[in-house]
Amino acid sequence: MARSPRAVDVPLVLDDSPAPLRHRVADAVVGALRTGRLRPGDTLPSTRSLAAALGVSRGPVVAAYDELAAAGFLRSRAGSGAVVAPGADTAARAGAATHVPETGRVRPPSPEPVPAAPRLDLRPGRPDTSLLDRAAWRRAWRAVGDALPGNDAGEVPRHTHLRRVLADHLRRGRGVVVDPDDLFVVPGVGASLRALPEAFGLVGASVALEDPGYVEAWTAFAAEGVRTHPVPVDADGLDPALLPDGARAVYVTPSHQYPLGARMPVTRRVALLEWARDTGGLVLEDDYDGEFRYDVSPLPALRSLPGAEDHVVYVGTASKLLAPSLRVAWVAAPAHLRDALRVTLESRGLVVNEATGLALAELVTSGALAAHHARASRTYAARRGALVTAVAEHLPGATLEGVDAGLHVVLRLPDDVDDHEVADRCHAAGVAVSPLSAYAVRTSVRGLVLCYAGLPETAADDAVRRLARALAP
Ligand SMILES: Cc1ncc(COP(=O)(O)O)c(C=O)c1O
C-alpha cells in the first residue's frame, strides 16, 4: 500500500551531546530510521514544524535536512517536503551516519613503552645526516620550488634530467658507463630488488646470495618466489667457483661485502663475469656504499668491467651517501632488460616523486653532493680511525674486519659465543650494535657489526669501553 504523503508524526528526541545542533537533529532522524519509527517513503515534517516541535530555531533543522539529503537518507520532493529514501533504514541499521561523530576531547594515546634509548647507536644503516650543509640542502629544495608540479595523474615521473646527471656521476665516481635510458630512479634498493625477479624472469628460478648477507635481499627474493641459495663468503667476498649449478642470477656486494666488508678482488670479479657470460646468468651488483673507501685506491664497480653492461644489473643508493629517509636509489639495467624492468617498476608503483628527483639533481649539478661526499668521507675516516684505535686499546687481540671501506666494521667473536646475547648486554651498557649471526643463513658466524658513521671521535673511547665491559666474561 502506498504510504501517505502526509508528514509522519514521529517524536524525535535530541541527545544531549555537545555536538552542533544540526548533527543532533540529523542523528535523531537516523536513530528513528534505525528503530523503524521512520521508514522509506515517509514524509518528514516541514523544517518549520519540526523546529517548533523540538523547540529550536529553524536554521539547524534546515542544515540537518540538507545533511541527510546529501548523505542519501532523504530525497527532497518539490512541493511535498523531504521523503525518506529507499534503503535508508538498512543504511541506518548498518551504522551509516551523516557526519563524523564528535569524539569530544580526545586524550592523546599514551606512548608505546620504548626501551631506554642507548647512549650510542652503532647499528648499521645510519649515516650522519648532520654533516649535510644545511644551506646547500635548502638551496636544492628551493630550486625545486621554482617549478610547479606536473598535473597528469597517469604520467610517471621520468626524471630525465636526474638520470642524465646520475649517469655522469656514476661514470666519474664508480667507472660505470650507462646510457641514461637504461637508468631507473627507484625508491630504495630494498624495494627495487623485489621487482627484479618478475622483471627478469627469475620467479621460481635459483638465485645465489652471499651468506652472511643483506637480509633485505633474501627477504625480497624469497617473497617473490625465487629459490635462494646461500653461498658462503670469505675474506675476498663471494667465490664464483662456489656458485651452484643452475643458478640464473647472483646477488653480490663486491665493493664492501655486506656485512663482513670484504672487497672482491679483480680476479673474482672477472670470474663472476665469465660465469655470467658462460651460463647466461645475471649478476646483481649492489654498490650500496661503494663511495666510501679509505687508505686504499678506489676500485671501480664490477659493472665497469668491459662487457659487464650486458650481464650486470647495477644498483646504487642515496641511503649512505645522503640519507636513507630520502628513499632514492638507482638501477642500471642491461639494455635488453630495460623495457621489462620499466614495466614492472611502473606496474608496482616503484617510482620516485618528481620533487625529490629534482632536488637530488640539483645537489649533484651544484657540486653540493660532491662537497658533502668529500666532507663526509673525511669525517667518517676520522671516526673509523678513532674506533679502530679504541678497539686496539680496550679490546686487545680483537679483530676488526671490513675497515677499508663503507661505514661499518665487524668485530669477530668466537664461534661458541651467543652474539645476540652479547648485543643485548651492549645495549644495556648504552651502546646499540647488531649481532653478526643475524645476517647469516647457513654459515656460522659470530660477532658485532659496528657502524661508526654517527660516532664522534670524542665518543669512540667511551663506546669501546662499554663494549669491553659487555664482552667481559
Ligand atoms: C647491502 C645494502 N644494500 C642497500 C642498502 C640501502 O638500501 P635502501 O636504498 O633501500 O635504503 C643497504 C642499507 O643499509 C645495505 O646494507
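Residues numbered from 1 in each chain as written. Predicted model: local features only at pLDDT ≥ 70, side-chain atom pairs only at ≥ 80, totals over all residues. Heavy atoms only, no water.

**Brief notes about the site of the ligand**
Then, in step 1: The immediate surroundings of the ligand are formed by Gly188, Val189, Gly190, Tyr214, Tyr251, Tyr258, Asp286, Tyr288, Thr317, Ser319, Lys320 and Arg327.
Then, in step 2: The side chain of Tyr214 places a nitrogen or oxygen atom 3.4 Å from an oxygen atom of the ligand.
Then, in step 3: One of the side-chain nitrogen or oxygen atoms of Ser319 is found 2.6 Å away from an oxygen atom of the ligand.
Then, in step 4: When the free accessible area of the ligand is taken as 400 Å², the share hidden by the protein chains comes to 91%.
Then, in step 5: The set of elements that each furnish at least two residues to the shell around the ligand consists of α7 (189-199) and α10 (318-321).
Then, in step 6: Class assignment for the residues of the shell around the ligand results in five nonpolar, four polar and three charged. (Near = heavy atom within 4 Å. Polar contact = N/O pair within 3.5 Å; in protein donor to acceptor, adjacent residues only side chain to side chain. Areas by Shrake-Rupley, 256 points an atom, 1.4 Å probe, with all protein chains shown as cover. Helix = DSSP H or I, 4+ residues; strand = E, 2+ residues; numbered from the N terminus. Nonpolar A, V, L, I, M, F, W, Y, C, P; charged D, E, K, R; others polar.)

**Points about the pattern of salt bridges**
Then, in step 1: If you walk through the whole model with that rule in mind, you get 24 salt bridges.
Then, in step 2: Note that Arg158 is salt-bridged to Glu346, the shortest N-O span being 2.8 Å. Here Arg158, found in the loop between α5 (134-145) and α6 (160-174), pairs with Glu346, found in helix α11 (residues 338-347); they are 188 residues apart in sequence, far enough to count as distant.
Then, in step 3: The exposure class assigned to Arg158 is partly exposed, which follows from its relative accessible area of 39%.
Then, in step 4: The residue Asp339 makes a salt bridge to Arg342 at a minimum N-O spacing of 3.6 Å. Placement of the pair is Asp339 and Arg342 together in helix α11, with a separation of three residues, close to one helical turn.
Then, in step 5: Of the residues examined, Asp339 reaches a relative accessible area of 47% and is grouped as partly exposed.
Then, in step 6: Within the structure, one salt-bridge network assembled from shared partners comprises Asp182, Arg338, Asp339 and Arg342. (Salt bridge = Lys/Arg side-chain N within 4 Å of Asp/Glu carboxyl O. Buried < 20%, exposed > 50% of the residue type's maximum accessible area, 1.4 Å probe, protein only.)

**Brief notes about the packing of helix α14 (residues 419-428) against helix α15 (residues 457-471)**
Then, in step 1: Relative to each other, α14 and α15 sit at 130°, their axes nearing to 9 Å. Regarding the angle of α14 to α15, the classification is oblique. For the pair α14 and α15, the sense of crossing is right-handed. Along its contact with α14, which presents Val422, Arg425 and Cys426, the element α15 presents Leu467, Ala470 and Leu471.
Then, in step 2: Class assignment of the residues belonging to the contact of α14 with α15 gives a composition of five nonpolar, no polar and one charged. (Axes fitted to C-alpha atoms, helices over the stretch in contact; angles between N-to-C directions. Parallel < 35°, antiparallel > 145°, perpendicular 65-115°, else oblique. Left-handed = near helix turned anticlockwise from the far one by under 90°. Contact = heavy atoms within 4.5 Å.)

**Digging into the packing of aromatic side chains**
Aromatic ring pairs are defined here through the distance separating the ring centres and the angle between the ring planes.
Then, in step 1: What the rule picks out here adds up to six aromatic pairs.
Then, in step 2: Clustering of aromatic rings is evident, with ring pairs tying together Tyr214, Tyr258, Tyr288 and Tyr439. (Phe/Tyr/Trp six-rings, centres within 6.5 Å; stacked < 30°, edge-to-face > 60°.)

**Considerations on the domain arrangement of the protein chain**
Then, in step 1: When its domains are assigned, the protein chain resolves into domain 1 (1-114), domain 2 (120-125 + 370-471) and domain 3 (134-367).
Then, in step 2: Computed from C-alpha coordinates alone, the two centres of domain 1 and domain 3 are separated by 58 Å. (Domains from an automatic or database assignment.)

**Brief notes about the pairing of strand β9 (residues 282-286)**
Then, in step 1: Burial within β9 is extensive, with five of its five residues counted as buried.
Then, in step 2: One ladder, built from four bridges, connects strand β8 (residues 247-252) with β9; its direction is parallel. Counted as the bridge partner of Val252 is Glu285 from β9.
Then, in step 3: Chirality of the crossover, the property in question, places the unit of β8, helix α9 (residues 266-279) and β9 among those that are right-handed.
Then, in step 4: Bridging between β9 and strand β10 (residues 312-317) involves four bridges; their strand directions are parallel. Among the inter-strand pairings, Leu284 is bridged to a residue of β10, identified as Val313. (Pairing = 2+ DSSP bridges. Right-handed = clockwise from strand over helix to strand, strands pointing away.)

**Thoughts on the nonpolar core**
Then, in step 1: Ranked by internal contacts, the top residues of the largest apolar core, which has 63 residues, are Tyr380, Val433, Leu448 and Leu450.
Then, in step 2: At eight residues, the largest contribution of residues to this core is made by helix α13 (residues 368-394).
Then, in step 3: Apart from residues no more than four positions distant in its own chain, Leu450 is found in contact with Leu122, Leu387, Leu407, His408, Val409, Leu411, Val433 and Leu467.
Then, in step 4: Core analysis: the second largest hydrophobic core is formed by 29 residues, Leu193, Ala199, Trp218 and Leu337 among them. (Core = buried A, V, L, I, M, F, W, Y, C linked by side-chain atoms within 4.5 Å.)

**Details of the sheet that holds strand β6 (residues 227-234)**
Then, in step 1: Within the open sheet, the eight strands sit side by side as β4-β11-β10-β9-β8-β5-β6-β7. Their pairing is mixed. Of all the strands in the sheet, just β4 (183-186) and β7 (237-238) have a single pairing partner and so form its edges.
Then, in step 2: With six bridges joining them, strand β5 (residues 206-211) and β6 adopt parallel strand pairing. When the bridges of β6 are listed, Leu209 appears paired with Pro230.
Then, in step 3: Helix-sheet contacts for α6 involve β4, β10 and β11 (329-332), and the interaxial angle to β4 is about 105°.
Then, in step 4: Running at roughly 15° to β4, α11 makes contact with β4 and β11 of the sheet.

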